[in-house]
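# Per-entry structural report
This is what each chain is made of:
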Protein chains: 12
Amino acid sequence: MSAVKSTLPEDARKVTGEALQGALVDLIDLALVAKQVHWNVVGPRFRSVHLQLDEVVTTARKHSDVVAERASAIGVAPDGRASTVASASAIGKVPDGWIQDSDVVSTMVKSLSAVIERMRERIGVTDEPDPVSQDILIALTADLEKHAWMFQAESV
Amino acid sequence: MSAVKSTLPEDARKVTGEALQGALVDLIDLALVAKQVHWNVVGPRFRSVHLQLDEVVTTARKHSDVVAERASAIGVAPDGRASTVASASAIGKVPDGWIQDSDVVSTMVKSLSAVIERMRERIGVTDEPDPVSQDILIALTADLEKHAWMFQAESV
Amino acid sequence: MSAVKSTLPEDARKVTGEALQGALVDLIDLALVAKQVHWNVVGPRFRSVHLQLDEVVTTARKHSDVVAERASAIGVAPDGRASTVASASAIGKVPDGWIQDSDVVSTMVKSLSAVIERMRERIGVTDEPDPVSQDILIALTADLEKHAWMFQAESV
Amino acid sequence: MSAVKSTLPEDARKVTGEALQGALVDLIDLALVAKQVHWNVVGPRFRSVHLQLDEVVTTARKHSDVVAERASAIGVAPDGRASTVASASAIGKVPDGWIQDSDVVSTMVKSLSAVIERMRERIGVTDEPDPVSQDILIALTADLEKHAWMFQAESV
Amino acid sequence: MSAVKSTLPEDARKVTGEALQGALVDLIDLALVAKQVHWNVVGPRFRSVHLQLDEVVTTARKHSDVVAERASAIGVAPDGRASTVASASAIGKVPDGWIQDSDVVSTMVKSLSAVIERMRERIGVTDEPDPVSQDILIALTADLEKHAWMFQAESV
Amino acid sequence: MSAVKSTLPEDARKVTGEALQGALVDLIDLALVAKQVHWNVVGPRFRSVHLQLDEVVTTARKHSDVVAERASAIGVAPDGRASTVASASAIGKVPDGWIQDSDVVSTMVKSLSAVIERMRERIGVTDEPDPVSQDILIALTADLEKHAWMFQAESV
Amino acid sequence: MSAVKSTLPEDARKVTGEALQGALVDLIDLALVAKQVHWNVVGPRFRSVHLQLDEVVTTARKHSDVVAERASAIGVAPDGRASTVASASAIGKVPDGWIQDSDVVSTMVKSLSAVIERMRERIGVTDEPDPVSQDILIALTADLEKHAWMFQAESV
Amino acid sequence: MSAVKSTLPEDARKVTGEALQGALVDLIDLALVAKQVHWNVVGPRFRSVHLQLDEVVTTARKHSDVVAERASAIGVAPDGRASTVASASAIGKVPDGWIQDSDVVSTMVKSLSAVIERMRERIGVTDEPDPVSQDILIALTADLEKHAWMFQAESV
Amino acid sequence: MSAVKSTLPEDARKVTGEALQGALVDLIDLALVAKQVHWNVVGPRFRSVHLQLDEVVTTARKHSDVVAERASAIGVAPDGRASTVASASAIGKVPDGWIQDSDVVSTMVKSLSAVIERMRERIGVTDEPDPVSQDILIALTADLEKHAWMFQAESV
Amino acid sequence: MSAVKSTLPEDARKVTGEALQGALVDLIDLALVAKQVHWNVVGPRFRSVHLQLDEVVTTARKHSDVVAERASAIGVAPDGRASTVASASAIGKVPDGWIQDSDVVSTMVKSLSAVIERMRERIGVTDEPDPVSQDILIALTADLEKHAWMFQAESV
Amino acid sequence: MSAVKSTLPEDARKVTGEALQGALVDLIDLALVAKQVHWNVVGPRFRSVHLQLDEVVTTARKHSDVVAERASAIGVAPDGRASTVASASAIGKVPDGWIQDSDVVSTMVKSLSAVIERMRERIGVTDEPDPVSQDILIALTADLEKHAWMFQAESV
Amino acid sequence: MSAVKSTLPEDARKVTGEALQGALVDLIDLALVAKQVHWNVVGPRFRSVHLQLDEVVTTARKHSDVVAERASAIGVAPDGRASTVASASAIGKVPDGWIQDSDVVSTMVKSLSAVIERMRERIGVTDEPDPVSQDILIALTADLEKHAWMFQAESV
């Protein structure tokens, strides 16, 4: 039995809990990946991309905290451990080592796109069971799609 | 050949690079573990421990960034990806699910102790090859040992 | 006739107005109850609970203002007078005098739960008539459920 | 027996406690009444009066907290519940619904005047038993009389 | 073909893009109109109305930026040029020259009402195709309806 | 007859008023054009140019407000309506749709140059009639020429 | 002989010093007069006018300090004593006692107008001898004429 | 009859009103005198004394506003005009022109001493009629005596 | 003879000086004792008590400075040296070494109670000779009694 | 040919460019000289002079940046290299080693005087060719003359 | 046995603990001594020295807290009680009563010198056993030597 | 004999003094060089490089002040005059005139590298004689190497 009693009926709690847990893993990995390329980027656009990536980190960290605490609030224990993130993230493993600025941009377009696609599904499945969680997912998707636009604009 | 030319001779660069890479992994995992129990803690001391853990996260995140950028600065590409963290961290895998406040305290004492022990070794091996990196490791160890004292004091 | 012309058709205005008026009364009382136990709490957890309650007050006051001004904005005169609050609140009368910290925690779990239950109903009934007001109710319910989780976590 | 031991002899504690309890109720109601008309005011002076009322709310809330914690500090459990406020306040019940700006001004002149009159008496009776509590009552009366002057000046 | 790839299917992109483009034009014009009367208002209520109008400008500018960047984020190039605004805005041309404070108030009631009516329709048509954009339209409508209430209250 | 009595003789008022009205229109359009390309820019320099444009917007908005209120202060009713801007601005109509970063740079060089040329003339004609207004035009021209230098430097 | 050696030739120093001394006296009196009516204003517009007057005070105090220190900087000892202000100010003695809000507005229009007229003359006479002091006089006249416009706009 | 109704009986109002009016004049003159010597001081201690004097100005201005608004609040119209200050201040006329730093110190010791002596009397006479006004006079005397100590310490 | 001339007659100066000197010693020791247990506390409530103690330190340091400078201001040289504090403080010597959280709470209740008792006497003896110093003692006693209440509440 | 196209005709550009280049060198050297004596000053006035010098540094650095960027803005490449400063500055070489406080004051009076004299000439020659650059020179001269007054006042 | 387990071997812990305990006592006394003369200084340099001493207090308090918590962190209970400070400080007892500014300067030179000498020894002995504590001692010695330089410079 | 007595023996003082004096000259020149190219850079990366250079300036200025005051603190008079910098800096003379962004990047890589090499030597020679100065050199080298990495990363 959960330590925290949900305000949602069991079915709704289960569906919403899975959506939030999935979102949590994706957002933690997004922050780790953005930091990884933030440190390893090279090329003429280094400074611009380096700074831009830290804004992705800020966005991902802020929302991962909101999403995890929302899971707790509906009685679902969130799991954000490294091994869970490594195995369940929407983002495939990025290469290590120095990475050219243009490759960073395409890596971020691909990573953000993978995460956004899953977030769109989560917005869909939580509409009925929990509009409160859905609202949180909508707000973070707006932020992710803004980042995605910017990296796309840079690859034109 | 590294994209960034080191100010250190090759031997010094190698030893220092390994120390920094090890520190990076431990600090990222410390932040993830502290967040994990920050979200899952239950018990009468919930609020106090919940807030204390976020201060550990702040410490760990700040220093992980410094350590990773120091690695880049000496010409060593840092690796802070989820899978690297999951496999190389000094901290053993923590259990998932709700966790009692007193268990959180002992988990943190153990986790911090494991990280500190390794940091002390890194301070030792970097003394000769790079006093600049050593100074960074000394400063972060001071912060970690302060956190370790506080959690120990709470378990008396 | 109302001094302020509603942007909503009359039916929608009536349903939404009642939801907002109910929310207003519950939020004002939540602030008053949280302050009452903020001043009267005793026990080893005094400081932690005392501070936590002021965060509930801040939440409740902020949203009560938003909700009341939203009522005005749709042409419904809000009523937040003491006597109205005393007679219509979702929260039963709490006892006066000093109150033990653990009793404060259970009082808050119960009070928040009663308010949240009604807010969930208000989210339901406003979906059709006024998505703008519904969005406000969703946002405040997220905050209330976060507080409710924290007090529950403390009673484990 | 009180949970908190008073620094005052029993007689002094009783007189001072009553003065503080009375002040608490009046200040909470002043905040509720000012918010009520803040939301319902209409007329050409709407914006000016609307903003002015929030300054009354800030004053009343700040001092109600000081007064309640002062009661606790001398070992008297304060009572600021909605029903207590509804039945014991110096301010008579204000009408609900939209209210013309000039009526708001005269309502505030009357409400402040009723509260100030009682505060003046409390300053008198606490002089001997507790100059520390008296000093708090003097300071809040200065603020209330400043607000009273401003609303009077507006009704000339 | 758009430089930025939409996360929305083509139909959804088109409907949402039109709603956002319409909102952009209305918000830019609202800011220009509010500034115009902010500079030209005369009458005893000059200062109060002058300040209130700058809050409308702040609201309109903030949301016009959000709406335009949201259009870009879904792959629709926004158009906020002066000539586009002049020809497509919901607000009819306001007269030039000094304008009496009471006329400013009725101008703003009318202008806000025209914009809000169109925003309500945009909330309706975006519900299915893009709940993320809809959420942005809902939030800005809440702000516009708050301004509309205040100007109405001043004309009673 | 003007609602606001000028401190200037009629001739001086007329010349100065025309200079300020012209400056107002140019500055409003500069802000609109800069925002337009801020939203539509694409290319590798996206982020850098996107941020730089917002600094132009801030400059243009700040000075347009100063210039309009200066017109009012000398008894000339300023006109900053969309249609007036669309027809009287120094800046030719910019194309809509996505725009490459290098094209943005040359658009801004050209737009700023057109505005600066007119501002230089206005500095000349206001020297005698109103040194106070001239000082305002001098200060804003300094800011515009700084922006112009930066965009030129980027096109080398 | 002056304690501070002027960077100006004696003639220029004398003319400029008189202009600055005159400006000092007018600005100090403007601050005193604005405070006087700030405290004594009554009437429905009390709050708006009361706040507006404090902005005049802030303007007058800021510039009086700049003007006095400019006099010192060119080797002229400034005189801002009460008796000097009382006898040499451009503003005639204002009546004491409560003053109706509309009378405050006309008092301020008249007072500002008298000060501005003299400032315009000072701008004229300092052009040749000291463009540095002239620039200070130009800047403060801009601020005074802005205040004058606002009070005029309120009396329409 | 006064525009603002006093909360005090007529006798108390008269005595307190005179005390406040006297305090007002002394504080305004103290600010003018401190500014006068702030601008004219010369000597090796110039910078230190120049800065110290501005702290006296800040103190005097802050309290003069409190004292004047307190007079209004008890129904007494305050008089802070230049001519009133010039004729009724406790501080004798200070000489004009450059003034040596040590003379500034003794001027301030004498000026503060004269004002403090009168303030002590005002504290005495307001004790019975109005403890609220007395509390204001006590607080400002504490500040003045602190300044007086510092100037005395500098003349040892 | 004192370097600073008192505004008080000799008798009043002596009585008040002793009260302030006693208060100074007690407040310095309170700060030292609170820091001592702030560093040495252990037990489950470590963090909460550790933070609470720093608020006592802040209170004690702030008031010790005010009290010492007040002594100087009335011409009495304050003595806050370690040896004076060690021999004259109201607080008995606290034990060294680690100290359990519950023992910290009772130590603080006892220490605060001893200091408050003496402060109450000082408020009594300074009423006649110097209401300005008394007001300072009243204000600090209010703060100390608030801290005392909180530690008492924690020991229930 | 210049990389940046000037808004000025060639003659005006040349004259203005030389004035700005000269101002740049003088301001950079002023900052270096002020820092030099800031570090080496000794004597009883050490602290006061040490702090005052840093304000000169702040002024000189701020204006040197404005002046250099103004040169760039009119198409003249500024030269602020150490060797250029060493050979072209208005300020003669100051001695190295510890320097008595009174000598610092006279050094600064002399240095500022030399720089101001040249700035006055630059204000003269730029009046016709570029009022925008002249305005910048006027503003910085005002600041320099304020510093010059203060050091002179200290040497009386 | 210590409540907090040290990360250092016993020998290292003992040596380091003694160094930190010694530093703690010296820093607390330095703060007390600096405050003592801050309150009692007289003479023409009063203000400058008075302010300078508070910067020493800030430095000493900040580092005493760091040093004490570092002791706790290595498992050594710090002792900062008044009697310990009175008997073990490096600084001899300073005289009470008013103290001339030049005597304050020499007192501070002597006090800082005594503390610095001991700190230099502590830096030496902690090098081997604990580089983390040594780093803390190095940082605080840098600050103390900066203060020592400044007081020395003032006594030339 | 030095005006400031060193805490170091003569040999240590000499070695450390030379290291600090060398560091001072290099850091001042680094700031001048970075500003020089900050003003003269042209090319597509203008804005990014322009901003990055100001961060180098901030770093260099901050550390040059610390290093110079450290020299003073050990009794060595620092020399930071333009001519000293021009003749003794580690950085060769950079060319004047407009400079392409890629050339700026390589200029900075070379300049930073030259300074860092010397700083590394200074860290070596100060280890024994003065660990306090060494710590300062270590900290600034960390910052310089971070800047060096970033410019290198941009030249890949």
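From a predicted model like this one, the values you see are computed outputs, not experimental measurements. (Residues numbered from 1 in each chain as written. Chains lettered and ligands numbered in written order. Predicted model: local features only at pLDDT ≥ 70, side-chain atom pairs only at ≥ 80, totals over all residues. Heavy atoms only, no water.)

### Remarks on the interface of chain I and chain B
- The partner chain B presents ten residues to the eleven residues of chain I that form the contact.
- Taken together, both faces of the contact between chain I and chain B bury some 860 Å²; the carbon and sulfur share is 60%.
- For chain I, the biggest contributors to the area lost against chain B are P44(I), F46(I) and R47(I); these three give 65% of the whole.
- At the boundary of chain I and chain B, one finds one salt bridge.
- A salt bridge links R47(I) to E55(B), with the shortest nitrogen-to-oxygen separation between them at 2.7 Å.
- Here chain I is connected to chain B by three residue pairs in polar contact (both at pLDDT 80 or more).
- Those elements giving two or more residues to the side of chain I that touches chain B turn out to be strand 1 (41-42) and helix 2 (46-73) of chain I.
- Looking at the side of chain I that touches chain B, the element that brings in the most residues is helix 2 of chain I, giving four residues. (Contact = heavy atoms within 4.5 Å. Buried area = accessible area lost by both parts, 1.4 Å probe. Salt bridge = Lys/Arg side-chain N within 4 Å of Asp/Glu carboxyl O. Polar contact = N/O pair within 3.5 Å; in protein donor to acceptor, adjacent residues only side chain to side chain. Helix = DSSP H or I, 4+ residues; strand = E, 2+ residues; numbered from the N terminus.)

### Here we look at the UniProt feature "domain: Ferritin/DPS" (unreviewed entry) in chain A
- On the UniProt side, "domain: Ferritin/DPS" (unreviewed entry) is annotated at positions that read residues 18-153 of chain A here.
- This span, residues 18-153 of chain A, is 79% helix and 3% strand, and a straight line between its end C-alpha atoms measures 33 Å. (UniProt positions renumbered as here; feature names shortened; annotations may be inferred.)

### A short note on the interface of chain A and chain B
- In this assembly, 37 residues from chain A lie in contact with 37 residues from chain B.
- Its largest share of buried area at the contact with chain B, chain A owes to W39(A), R81(A) and W98(A), together 27% of the area lost on that side.
- For the pair chain A and chain B, the number of links is four salt bridges.
- One salt bridge in this structure joins D65(B) and K35(A), with 2.6 Å as the shortest N-O distance.
- Viewed at the interface, chain B and chain A are joined by 16 residue pairs in polar contact (both at pLDDT 80 or more).
- Breaking the side of chain A that touches chain B down by element, the ones donating at least two residues are helix 1 (10-40), helix 2 (46-73) and helix 3 (82-88) of chain A.
- Of the residues forming the side of chain A that touches chain B, the biggest block, nine residues, is contributed by helix 1 of chain A.

### Description of the relation of the copies chain I and chain B
- Note on the identical chains: chain I maps onto chain B by a rotation of 120 degrees and an axial translation of 0.0 Å, with an RMSD of 0.0 Å. The operation mapping one copy onto its partner corresponds to a three-fold rotation axis. The C-alpha atom lying nearest the rotation axis in chain I is that of S48(I); the distance is 3.9 Å.
- Interface overlap between copies is the fraction of interface residues in one copy that are interface residues in the other; for chain I against chain B it is only 9%, indicating separate surfaces. (Least-squares fit on C-alpha atoms with pLDDT ≥ 70 in both.)

### Considerations on the pattern of salt bridges
- Within this structure, the stated rule accounts for 180 salt bridges over all chains.
- Among the salt bridges present, the one from E18(B) reaches K14(B), with a minimum N-O distance of 3.3 Å. Here the residue E18(B) and the residue K14(B) both occupy positions in helix 1 (residues 10-40), the gap between them amounting to four residues, near one helical turn.
- Residue D54(C) is joined to K35(C) by a salt bridge in which the shortest nitrogen-to-oxygen separation is 2.9 Å. Of this pair, D54(C) sits in helix 2 (residues 46-73) while K35(C) is found in helix 1 (residues 10-40), placing the two residues 19 residues apart along the sequence.
- Through salt bridges with shared partners, a single ionic network connects R70(A), D130(A), R120(C) and E145(C).

### Examining the side chain of S89(F)
Residues and elements named next belong to chain F.
- Mapped onto the elements of the fold, S89 is located in the loop between helix 3 (82-88) and strand 2 (99-100).
- Note on S89: relative accessible area 14%, which makes it buried.
- Here the side chain of S89 touches D29 through a polar contact of 2.6 Å, side chain to side chain.
- Side-chain polar atoms of S89 contact the backbone nitrogen of I91, separated by 2.9 Å.
- Those residues in contact with S89, other than ones at most four positions away along the chain, are V25, D26, D29 and R118. (Buried < 20%, exposed > 50% of the residue type's maximum accessible area, 1.4 Å probe, protein only.)

### Some details on the packing of aromatic side chains
- Within the structure shown, the criterion is met by twelve aromatic pairs over all chains.
- A ring pair is formed by W149(D) and F46(G), whose centres lie 5.7 Å apart and whose planes are at 75 degrees; its orientation type is edge-to-face. On the criterion of chain membership, the pair formed by W149(D) in helix 5 (residues 131-154) and F46(G) in helix 2 (residues 46-73) is interchain, its members lying in two chains. There is no split in this pair, since W149(D) and F46(G) are both buried. (Phe/Tyr/Trp six-rings, centres within 6.5 Å; stacked < 30°, edge-to-face > 60°.)

### Remarks on the relation of the copies chain A and chain B
- For the match of chain A to chain B, the screw axis carries a shift of 0.0 Å, the RMSD comes to 0.0 Å, and the turn is 180 degrees. Expressed as an axis order, the relation between the two copies is that of a two-fold axis. Minimal C-alpha distance to the rotation axis in chain A is attained by A82(A), lying at 2.8 Å.
- Most of the interface of chain A is mirrored in chain B, where 100% of its interface residues are also at the interface.

### Focus: the packing of helix 2 of chain I against helix 4 (residues 101-126) of chain I
All names here are of chain I.
- Between helix 2 and helix 4, the shortest axis-to-axis distance is 10 Å and the interhelical angle comes to 25 degrees. Classified by the angle their axes make, helix 2 and helix 4 are roughly parallel. Our pair here, helix 2 against helix 4, has a crossing hand that is left-handed. Of the residues in helix 4, those touching helix 2 at F46, V49, L53 and V56 are D101, V104, V105 and M108.
- Its residues assigned to classes, the contact of helix 2 with helix 4 comprises seven nonpolar, no polar and one charged. (Axes fitted to C-alpha atoms, helices over the stretch in contact; angles between N-to-C directions. Parallel < 35°, antiparallel > 145°, perpendicular 65-115°, else oblique. Left-handed = near helix turned anticlockwise from the far one by under 90°. Nonpolar A, V, L, I, M, F, W, Y, C, P; charged D, E, K, R; others polar.)

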